[in-house]
There are 2 protein chains.
Amino acid sequence: MKRITILALMPLLVLGQACTDTKENNKTEVQAIFPKGELGPAENFTGNAWNTRLVANDSTYNTVIGNVYFEPGARSNWHIHPAGQILIITSGVGFHQIKGKPKQTIRKGDVIKCPPNVEHWHGASPDTGLYQLYIIPNTEKGIVQWLKPVTSEEYNK
Amino acid sequence: MKRITILALMPLLVLGQACTDTKENNKTEVQAIFPKGELGPAENFTGNAWNTRLVANDSTYNTVIGNVYFEPGARSNWHIHPAGQILIITSGVGFHQIKGKPKQTIRKGDVIKCPPNVEHWHGASPDTGLYQLYIIPNTEKGIVQWLKPVTSEEYNK
């Protein structure tokens, strides 16, 4: 009878595990909404940052919008937006830092504003990638001015 | 022996169904990134449209950003943005229509521009909800002017 009971429970145990695994994976998985896009140039990024431009600059909306997927450990150089920038995090975990302020951890659902003419950088955490939308408003004032790479010391601080 | 076999397979059948259901739900499930927010007022929406304001208007960014979840069948009234509007669909299926043009189906990953001073409406499909980000640029020109509800005839056309 004992053997029959174990045999009867076997599928329960095996499938129970399969279901749990699926749920666990879904919990930590980063979710893509847009195509992966093009690899950001090595002179502006450390590691792989994939950019999909969603709204090109024009004189009607004066707004540039895009999606960046930062692979784990990837980040932008320090840079300035003459009219500021808004970041909307749609998946994953990463960092944002404004020059002279502590590095902040950013996650799915966070909205970050970087004021005009302020140095900042953003990127993924070491272990989890980051999907972020960027919105650059008032582009008649300029879009971006690239500066130095973020050092490993700055990234890990 | 037949009874033992059936008993042994019971958990397999039951859990097999449970796993399939989870996968099926994940496939069509609309994914929330932001809090559900506040119910849009009945004078501007048909059905339930939940709004989370992500970026409030100010004179630095001149941009209003928010997330709307339209429940299945819910839609905005016809309305105008004096400086236009950009919609980014993050999950689900819905419709967008510019006055005088055919209704277009919109889905996860789509980016829609509505030019300044043009009447439009947007909302969910009858069976699947819609999560959309809205970006209203150049708010110094105005934000929104609400007009008449979208009739069932217009919605179903």
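Anything mentioned here points back to the structure above.
What you see as residue numbers is a count from 1 along each chain, following the sequence as written. Written order decides the labels, with chains lettered from A and ligands numbered from 1. Local features in a predicted model are, by the rule used here, given only for residues with pLDDT of at least 70; side-chain atom pairs are given and counted only at 80 or more, and totals for whole chains, interfaces and linings are based on all residues. Hydrogen atoms and water are omitted, and side-chain values are computed over all heavy atoms in the structure.

Any chance you could explain the overall build of chain A here in plain terms?
The secondary structure listing takes helices from DSSP runs of H or I that are at least 4 residues long and strands from runs of E that are at least 2 residues long, numbered from the N terminus. Helices and strands together make up the secondary structure of chain A, namely 2 helices and 12 strands. Along chain A, helices and strands appear, N-terminal first, in the series α-β-β-β-β-β-β-β-β-β-β-β-β-α. A buried classification covers 45% of the 157 residues belonging to chain A. Only the protein chains shown count as cover for residues, and all accessible areas are computed by the Shrake-Rupley method using a 1.4 Å probe. When the accessible area of chain A is evaluated, it comes to approximately 8000 Å², of which 55% is carbon and sulfur surface. For every residue, the accessible area obtained with a 1.4 Å probe (protein chains only) is divided by the maximum for its type, and the residue is called buried under 20%, exposed over 50%, and partly exposed between those limits.

I tried to follow unusual backbone geometry on my own but got confused; where do I start?
Backbone phi values are negative for most residues with the exception of glycine, while trans is the configuration of most peptide bonds. With phi around 60 degrees, B:Asn117 is a residue other than glycine that occupies positive phi space. Relative to the elements of secondary structure, B:Asn117 occurs in the loop between strand 9 (111-114) and strand 10 (120-124).

Hey, could you run me through the pairing of strand 9 of chain B in this one?
A regular strand carries its side chains on alternate faces of the sheet. All names here are of chain B. Here strand 9 shows one buried face, formed by Ile-112 and Cys-114, and one open face, formed by Val-111 and Lys-113. By definition, two strands form a pair when at least two bridges between them are found by DSSP. Of the pairings in the sheet, the one linking strand 7 (residues 85-98) to strand 9 comprises 4 bridges and is antiparallel in character. Along strand 9, the bridge assignment pairs Ile-86 with Lys-113.

Help me understand the pairing of strand 10 of chain B, please; the structure alone is not making it clear to me.
Residues and elements named next belong to chain B. For strand 10, a buried count of 5 out of 5 residues is recorded, marking the element as mostly surrounded by other parts of the structure. In terms of strand pairing, strand 7 meets strand 10 through 5 bridges, oriented antiparallel. Counted as the bridge partner of Phe-95 is Gly-123 from strand 10.

Can you walk me through the side chain of B:Arg75 in this structure?
Residues and elements named next belong to chain B. The topology assignment puts Arg-75 in strand 5 (residues 75-76). Look at Arg-75: it is buried, it has no salt bridge, and the nearest opposite charge is Glu-154 at 7.3 Å. Pairs of N or O atoms within 3.5 Å make up the polar contacts considered here, provided that, within protein, one atom can donate a hydrogen while the other can accept it, and that residues adjacent in sequence are counted only when both atoms are side-chain atoms. A polar contact is formed between the side chain of Arg-75 and the backbone oxygen of Val-150, at a distance of 3.1 Å. Whether two residues are in contact is decided by their heavy atoms, any of which lying within 4.5 Å being enough. For Arg-75, the contacting residues outside a window of four places in its chain are Phe-45, Thr-46, Phe-70, Trp-121, His-122, Gly-123, Val-150, Thr-151, Ser-152 and Tyr-155. His is not counted, nor are the chain ends, whereas Lys and Arg count as positive and Asp and Glu as negative. Definition used for salt bridges: Asp or Glu carboxyl oxygen within 4 Å of a side-chain nitrogen of Lys or Arg.

Please clarify how the packing of aromatic side chains should be interpreted in this entry.
Here a ring pair, both rings aromatic, is described through the centre-centre distance and the interplanar angle of the planes. Any Phe, Tyr or Trp ring, taking Trp's six-membered ring, that has another such ring centre within 6.5 Å forms a pair; planes under 30 degrees apart are called stacked, those over 60 apart edge-to-face, and the others tilted. Scanning the entire structure with this criterion turns up 10 aromatic pairs over all chains. Ring centres of A:Trp121 and A:Tyr155 lie 5.9 Å apart, and the angle between their planes is 45 degrees; on these two criteria the pair is classed as tilted. Linking A:Trp121 in strand 10 (residues 120-124) with A:Tyr155 in helix 2 (residues 152-156), this pair joins segments that are 34 residues apart in sequence. The pair formed by A:Trp121 and A:Tyr155 is uniform in burial state, with each residue classed as buried. A network of ring pairs unites the aromatic residues A:Phe45, A:Phe70 and A:Trp146 as a single cluster. For a Lys NZ or an Arg CZ to count as sitting over a ring, it must be within 6 Å of the ring centre and within 35 degrees of the ring normal. Positioned above the aromatic ring of B:Phe95, the side-chain terminus of B:Lys103 is 3.9 Å from the ring centre.

Is there a simple way to explain the nonpolar core in this structure?
Soluble globular proteins: nonpolar side chains tend toward being buried together. A:Ile65, A:Ile86, A:Ile88, B:Ile65, B:Ile86 and B:Ile88 are the most contacted members of the largest nonpolar core, which totals 20 residues. Of all the elements in the fold, those that place two or more residues in this core are strand 3 (49-55), strand 7 (85-98) and strand 11 (130-136) of chain A together with strand 3 (49-55), strand 7 and strand 11 (130-136) of chain B. When near neighbours in sequence (up to four residues on either side) are disregarded, A:Ile65 contacts A:Arg53, A:Leu54, A:Val55, A:Tyr134, A:Ile135, B:Ile86, B:Ile88 and B:Ile135. Grouping buried Ala, Val, Leu, Ile, Met, Phe, Trp, Tyr and Cys residues that are joined through side-chain atoms within 4.5 Å yields what is termed a nonpolar core.

Sorry if this is basic, but what is going on with the pattern of salt bridges here?
With the rule as written, the count across this model stands at 4 salt bridges over all chains. Among the salt bridges present, the one from B:Lys113 reaches A:Asp58, with a minimum N-O distance of 3.8 Å. Here B:Lys113, found in strand 9, pairs with A:Asp58, found in the loop between strand 3 and strand 4 (64-70), and the two come from separate chains. Accessibility expressed as a relative area gives 34% for B:Lys113, which makes it partly exposed. The exposure class of A:Asp58 is partly exposed, given its relative accessible area of 26%. Measuring nitrogen to oxygen at the nearest pair gives 3.7 Å for the salt bridge that ties A:Glu119 to A:Lys99.

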